[in-house]
Amino acid sequence: MSRYKRRCPKEGGLVVSSQVPLLSSMDEKKTAWFLDFLIRQPLDDWVVHRLVSIQPVADGNISPEKYRLLILWGIHSDILKDSISEKMLESLEAYERLVHQKGGRALHSLKMAYHAVALQCCVRFLREEYGSFKEFACAVDGIWKGRVSALEMLDRCNFITDQLRKSKKEMVAALRNYGVRNRFLGNDARKGAMDSIKDFWEESMKEMGPPS
């Protein structure tokens, strides 16, 4: 069984009750511990959704530790659903901002995950049955010309690597060149993105250590 597949709670195990306190009603220290504990458990994703009351990440009152755990939980939820979307890029960017605010350096796996997910978010429109060049072009404009270009303007951004810059040039070239688009189709971008995001999640959890 995949380590990312959550198992249904067996009889006599965890009972999901409507009386479980919402995270918004718990103090920050207890909330951080509870979130850390939850995302390490072999539970079905719907169980975690029931137990967790997600606060908007823009909430200025949320602590950095709680914010970090919410981001990781959201990424883990997407892994379980085998879902890769632009929302994941937003989560990775939010995680990187937290790392920067704490004066740390981004994990190599975070940079690799961002690059791989950005590729898949565009290449999928060339592969999918109902995808189209128009959707591919919109994705390239939004992600590589927009999102990545904006990150390049931030000198402190940990995401900007030579590999990311190279892929940006190739993606823009793919808008005009069929041969370049075909090269992207020759790689399994989806598998690369999923493997990279799993590597990042595992490394992040190891870096945090067990809940205390």
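It should be emphasised that the depicted structure is a prediction, and the values quoted were computed from it without experimental measurement. (Residues numbered from 1 in each chain as written. Predicted model: local features only at pLDDT ≥ 70, side-chain atom pairs only at ≥ 80, totals over all residues. Heavy atoms only, no water.)

Chemist: Lay out helix α8 (residues 178-185) with the relevant residues and their values.
Modeler: What α8 keeps buried is the set V180, R181 and F184. Down the axis of α8, the sector holding all buried residues measures 100 degrees, keeping them to one side. Exposed residues on α8 whose side chains face more than 90 degrees from its buried face are Y178 and R183. At its buried positions, α8 is contacted by α5 (108-127), α6 (133-152) and α7 (162-174). You can read the cap of α8 off the contacts: a side-chain oxygen lies 2.7 Å from the backbone nitrogen of G179, and it is on N177. (Buried < 20%, exposed > 50% of the residue type's maximum accessible area, 1.4 Å probe, protein only. Helix = DSSP H or I, 4+ residues; strand = E, 2+ residues; numbered from the N terminus. Arc of directions from axis to C-beta. Contact = heavy atoms within 4.5 Å. Polar contact = N/O pair within 3.5 Å; in protein donor to acceptor, adjacent residues only side chain to side chain.)

Chemist: Describe the side chain of K111, with residues and values.
Modeler: Along the chain, K111 falls in helix α5. Despite its burial, K111 pairs with no opposite charge, the nearest such side chain being E96 at 8.9 Å. If we skip the residues at most four places from it in the chain, K111 touches A106, N158, F159 and T161. (Lys, Arg positive; Asp, Glu negative; His and termini not counted. Salt bridge = Lys/Arg side-chain N within 4 Å of Asp/Glu carboxyl O.)

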